[in-house]
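# Report on the structure
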Amino acid sequence: MLDLLITEFDKGLRTLLAPAPTLRAYPDDGLEEAEMSDAERRHALGLMRINHCGEVCAQALYQGQALTARDPAAREALKQAAWEETEHLAWTERRIAELGGHKSVFNPVWYAGSLAMGVTAGLLGDKWNLGFLEETEYQVEAHLNEHLESLPAQDARSRAIVSQMREDEVRHAETAHELGAAKLPLPVKGLMHVTSLVMKKSSYWV
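Residues numbered from 1 in each chain as written. Predicted model: local features only at pLDDT ≥ 70, side-chain atom pairs only at ≥ 80, totals over all residues. Heavy atoms only, no water.

Our focus in this paragraph is the overall build of the protein. Helices and strands together make up the secondary structure of the protein, namely seven helices and zero strands. Computed over C-alpha atoms, the radius of gyration of the protein comes to 17 Å, within 12% of the 17 Å expected from 2.2 N^0.38 for 206 residues, which places it in the range of a compact globule. Expressed as lengths along the three principal axes of its C-alpha atoms, the size of the protein is roughly 50 × 35 × 30 Å. Looking at the protein as a whole, 47% of its 206 residues qualify as buried. Across the protein, the mean location of the 21 positive side-chain charges is 4 Å away from that of the 31 negative side-chain charges. (Helix = DSSP H or I, 4+ residues; strand = E, 2+ residues; numbered from the N terminus. Rg over C-alpha atoms; globule rule 2.2 N^0.38 Å. Buried < 20%, exposed > 50% of the residue type's maximum accessible area, 1.4 Å probe, protein only. Lys, Arg positive; Asp, Glu negative; His and termini not counted. Charge placed at Lys NZ, Arg CZ, Asp CG, Glu CD.)

Before going further, it helps to examine helix H3 (residues 72-98). Over its 27 residues, H3 extends 39 Å from the first C-alpha to the last, a length consistent with the 39 Å expected when each residue adds 1.5 Å. Just downstream of H3, Gly 100 is the residue with a positive phi angle, here 85°. (Expected span 1.5 Å × (residues − 1).)

Side-chain pairs of opposite charge can arise whenever the charged atoms involved come near each other. Under the criterion given, the structure shown has 16 salt bridges. A salt bridge links Glu 33 to Arg 95; the shortest N-O distance between them is 2.8 Å. Taken as a pair, Glu 33 in the loop between helix H1 (2-17) and helix H2 (38-68) and Arg 95 in helix H3 lie far apart in primary sequence, 62 residues in all. Classification of Glu 33 as partly exposed rests on a relative accessible area of 33%. On the basis of relative accessibility, which here comes to 0%, the residue Arg 95 falls in the buried class. A salt bridge links Arg 171 to Glu 84, with the nearest nitrogen and oxygen atoms 2.7 Å apart. Of the two residues, Arg 171 sits in helix H6 (residues 156-178) while Glu 84 sits in helix H3, which places them 87 residues apart along the sequence. (Salt bridge = Lys/Arg side-chain N within 4 Å of Asp/Glu carboxyl O.)

Below, the discussion takes up the side chain of His 147. Turning to its location among the elements, His 147 is positioned in helix H5 (residues 126-150). Not counting the four nearest positions on each side in its chain, His 147 is found in contact with Leu 47, Ile 50, Asn 51 and Val 162. (Contact = heavy atoms within 4.5 Å.)

Looking now at the confidence of the model for the protein. For any part of a model where pLDDT is low, the fine detail of the predicted coordinates should not be relied upon. Taken as a whole, the protein shows an average pLDDT of 91; of its residues, 97% reach a score of 70 or greater. Here H1 is the element of the protein with the lowest mean pLDDT, 74, and H6 is the one with the highest, 95. (pLDDT = per-residue confidence, 0-100.)

Another point: the nonpolar core. Met 48, Leu 99, Val 162 and Met 199 are the most contacted members of the largest nonpolar core, which totals 28 residues. Residue assignment for this core shows that the elements contributing at least two residues are H2, H3, helix H4 (107-123), H5, H6 and helix H7 (186-205). Top element by residues in this core is H2. It accounts for nine residues. Excluding residues that lie within four positions of it along the chain, Val 162 makes contacts with Met 48, Asn 51, Leu 144, His 147, Leu 148 and Leu 151. (Core = buried A, V, L, I, M, F, W, Y, C linked by side-chain atoms within 4.5 Å.)

This part is about the state of the cysteines. This model, assessed by the stated rule, comprises zero disulfides. With no disulfide of its own, Cys 53 lies closest to Cys 57 among cysteine sulfurs, the gap being 4.6 Å. (Disulfide = S-S within 2.5 Å.)

Below, the discussion takes up a nonpolar patch on the surface. Together, Val 105, Phe 106, Val 109, Trp 205 and Val 206 make up an exposed nonpolar region whose accessible area comes to about 500 Å². A relative accessible area of 55% places Val 105 in the exposed class. (Patch = residues over 30% accessible without salt bridge, like charges linked within 9 Å, V, L, I, M, F, W, Y side chains within 5 Å. Areas by Shrake-Rupley, 256 points an atom, 1.4 Å probe, with all protein chains shown as cover.)

On to the packing of aromatic side chains. Enumeration over the complete set of coordinates arrives at one aromatic pair. For Arg 94, the ring lying beneath its charged end belongs to Tyr 26, and the centroid distance is 3.8 Å. (Phe/Tyr/Trp six-rings, centres within 6.5 Å; stacked < 30°, edge-to-face > 60°. Lys NZ or Arg CZ within 6 Å of the ring centre and 35° of its normal.)

What follows is about the packing of H2 against H6. Packing of H2 against H6 brings their axes to within 12 Å, and their N-to-C directions diverge by 30°. Relative to H6, H2 is oriented roughly parallel. Considering how the two elements wind past one another, H2 and H6 form a crossing that is left-handed. In contact with Met 48, Asn 51 and Glu 55 of H2, H6 contributes Ser 158, Ile 161, Val 162, Met 165 and Glu 169. (Axes fitted to C-alpha atoms, helices over the stretch in contact; angles between N-to-C directions. Parallel < 35°, antiparallel > 145°, perpendicular 65-115°, else oblique. Left-handed = near helix turned anticlockwise from the far one by under 90°.)

Take a look at the structure:
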């Protein structure tokens, strides 16, 4: 148990403090940096900071869910999703730096809360665990669609990153559904949506 706690604590520190790794190429490699006004650059930065904070939350959620998942297939799906979210961390982290900004100062708070939510979801049983994963990914897909509509039209680099992230999130949701995800009650979906809105509002600026 002690070894497990040390390992999970190390994962948290790496998520929050260490540069994230990626095996796949950065989606925006080879694309030119666009000419943007100061307002457009600030807006793109705010959206990418939201996306980075969302990936921090995803890491914690999947970490907590994988810890408490009972079915090996469900646990493996969660681990695979977590790895791809790590790549998303790397992509958004670099883009934030390119836009001249910093990661959200609230990341540790959202990480802790998301980890607790992930553990709770896992303790409810695998079908609810997978249902939580499926709904999370559907809501993330929706906000990524909003970002694609809102990003400056000429910011091809940010758009390439968000587009690939959206493709991955859709696949994660489909995998959870195929593994037998339960449909979450509407109040739970609503609470998840409200929590997401608070995260987005806070991380857009800081």
